[in-house]
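Inside the fold
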Amino acid sequence: MPTASGAASEAPARGQGGAPWYGGTTGQLPPPWDVPQAGPQLWGHPYPANPAARLRPPVRAAAIAACLVLGLGLLGGAAAGSWLTGGGEDQPAAGEAFHEAGDLWHSLPVDRIFPRTVRGEGAGPGGADRIWTRVAVAPDSTCKGAFDPLLAKALSPAGCKRLLRATYVDATSSSLTTVGLVITKADAGRMRALRHRFTSEDLGERGDLMPRPYAAKGTAAAGFGDAQRASWVVRVLTDVPAVVYAVTGFADARKVPDPQPAQEAAAAGATSAPGQAGLGHDARGLADRIERGFRKAAAAATEAPS
């Protein structure tokens, strides 16, 4: 595992029974998707054994031409139907894809969900580029004790199948960001309802609903506790059963008396300490990229042949 300046090496994230939650050792490439066996041979079948069944050459040529015209017409009609309906029967239904995404976490390498290095082009203040380096990965866990009570209560309608977390340091070693994925037990309808509540009631902006950081002993994030939280973002996803969040703080472990949600801290002209330090941009930028990566992995998994 890579380390930040002065940070101890990460320990491999372990799941229940000591098994890695990501399905392999750190740095292992994702397992290849199953490759389907070749289908039945459709071309080159012999002529019928009965010679009387063979057509004379002129008739045979005309018949072949007619078959080609008919076949092209059928293929064209099938393709048009596929375009109109959005795909054939072999494509997974929305419900199936949603369900598969919820089981994806334990088959992906940790580096696929939380890359060792995350680049944020234009993600910083004024469109500056950002680079974040992973310093710690938490063992996969339940959500018990992982959130402040009010946030835990707000998320409870979705249930918690598994919680995945990692902490990053920025390129200047001045800020820390914990980013997490709550893999929920909810179906698509419940996720939409939870998303509606979070957006309509501005729950993601409330200071009493801040996520907690992951402070790993022996790393640059060892002093990243609740009092150091400076800016945050919480997003309820609806195309996959997940909640993504990020919370930032200063790497020198200073306490922050007035934390700000990322939307405010990243606004133009923000004069608060989190705003001027770009901590709102860090929270928003890392959440964006981890969310994007998980969605991409989920799409690849559901589109892969089985």
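Residues numbered from 1 in each chain as written. Predicted model: local features only at pLDDT ≥ 70, side-chain atom pairs only at ≥ 80, totals over all residues. Heavy atoms only, no water.

1. Describing the overall build of the chain
Within the chain, the regular secondary structure consists of eight helices and seven strands. Taken across its 306 residues, the chain has 40% of its residues classed as buried. Residue pairs at least 24 apart in sequence account for 70% of intrachain contacts in the chain once pairs closer than 6 positions are excluded. For the chain, the computed accessible surface area is about 16400 Å², with 57% contributed by carbon and sulfur atoms. (Helix = DSSP H or I, 4+ residues; strand = E, 2+ residues; numbered from the N terminus. Buried < 20%, exposed > 50% of the residue type's maximum accessible area, 1.4 Å probe, protein only. Contact = heavy atoms within 4.5 Å. Areas by Shrake-Rupley, 256 points an atom, 1.4 Å probe, with all protein chains shown as cover.)

2. Some thoughts on the sheet that holds strand β1 (residues 117-120)
Read across the open sheet, the seven strands follow the order β1-β2-β3-β4-β6-β5-β7; overall the sheet is mixed. The open sheet is flanked by β1 and β7 (260-261), the only strands paired with a single partner. Relative to strand β2 (residues 130-137), β1 runs antiparallel, the two sharing four bridges. By the bridge assignment for β2, Arg-119 is matched with Ile-131. This element, helix α5 (residues 188-200), spans β5 (231-236) and β6 (242-250) of the sheet and lies at about 145° to β5. (Pairing = 2+ DSSP bridges. Axes fitted to C-alpha atoms, helices over the stretch in contact; angles between N-to-C directions.)

3. Thoughts on the state of the cysteines
If you walk through the whole model with that rule in mind, you get one disulfide. Through a disulfide, Cys-143 is tied to Cys-160; the S-S separation comes to 2.1 Å. Handedness of the Cys-143-Cys-160 disulfide follows from its S-S torsion of about 70°: it is right-handed. Of this pair, Cys-143 sits in the loop between β2 and α4 (149-155) while Cys-160 sits in the loop between α4 and β3 (162-170); the two residues are 17 residues apart in sequence, bridging distant segments of the chain. Residue classification places Cys-143 among the buried residues on the basis of a relative accessible area of 16%. (Disulfide = S-S within 2.5 Å.)

4. Some details on the pairing of β2
Where burial is concerned, most of β2 is hidden: six out of the eight residues are buried. Pairing of β2 with β3 involves five bridges; the strand directions are antiparallel. Bridge assignment links Thr-133 to a residue of β3, and that residue is Val-169.

5. Examining the side chain of Glu-291
Tracing the backbone through its elements, the reader meets Glu-291 in helix α8 (residues 279-303). Given a relative accessible area of 10%, Glu-291 falls into the buried group. Side-chain polar atoms of Glu-291 contact the side chain of Arg-295, separated by 2.2 Å. Excluding its chain neighbours within four sequence positions, the residues that come into contact with Glu-291 are Arg-235, Leu-237 and Val-244. (Polar contact = N/O pair within 3.5 Å; in protein donor to acceptor, adjacent residues only side chain to side chain.)

6. Observations concerning the confidence of the model for the chain
Across the chain, pLDDT averages 76, with 68% of residues at or above 70. Within the chain, the lowest mean pLDDT, 40, falls on helix α1 (residues 57-85), and the highest, 98, falls on β6. (pLDDT = per-residue confidence, 0-100.)

7. A short note on the pattern of salt bridges
Within the structure shown, the criterion is met by 15 salt bridges. We note a salt bridge from Arg-295 to Asp-239, for which the minimum N-O separation is 2.7 Å. In this pair, Arg-295 sits in helix α8 while Asp-239 sits in the loop between β5 and β6, placing the two residues 56 residues apart along the sequence. You can call Arg-295 partly exposed: its relative accessible area is 29%. Taking the relative accessible area as the measure of exposure, Asp-239 reaches 40% and is therefore partly exposed. Measuring nitrogen to oxygen at the nearest pair gives 2.2 Å for the salt bridge that ties Arg-295 to Glu-291. Here Arg-295 pairs with Glu-291, and both are found in helix α8, just four residues apart, close to one helical turn. (Salt bridge = Lys/Arg side-chain N within 4 Å of Asp/Glu carboxyl O.)

8. Some details on the environment of Ala-273
Along the polypeptide, Ala-273 turns up in helix α7 (residues 273-276). For Ala-273 and Gln-260, which are 13 residues apart along the polypeptide, the C-alpha to C-alpha distance reads 9.2 Å.

9. What about the packing of aromatic side chains?
Across all of its chains, the model carries one aromatic pair by this definition. Geometrically, the ring pair formed by Phe-147 and Tyr-245 is edge-to-face, given 5.4 Å between the ring centres and 75° between the ring planes. A residue pair is termed long-range when its members are at least 10 positions apart, and Phe-147 in the loop between β2 and α4 and Tyr-245 in strand β6 qualify at 98 residues. Looking at Arg-254, its charged tip hangs above the ring of Phe-250, at a distance of 3.9 Å from the centre. (Phe/Tyr/Trp six-rings, centres within 6.5 Å; stacked < 30°, edge-to-face > 60°. Lys NZ or Arg CZ within 6 Å of the ring centre and 35° of its normal.)

10. A look at α5
Along an α-helix, a turn takes 3.6 residues, which lines up residues three or four apart on a common side. The first and last C-alpha atoms of α5 sit 18 Å apart over 13 residues, in line with the 18 Å expected at 1.5 Å per residue. Listing the buried residues of α5 in full gives Met-191, Leu-194 and Phe-198. All buried residues of α5 project into a common sector of 65° when viewed along the axis, lining one side. Every exposed residue of α5 that faces more than 90 degrees away from the buried side is listed here: Arg-192 and His-196. Note on α5: the residue one or two positions beyond its end, Asp-202, has a positive phi of about 50°. (Expected span 1.5 Å × (residues − 1). Arc of directions from axis to C-beta.)

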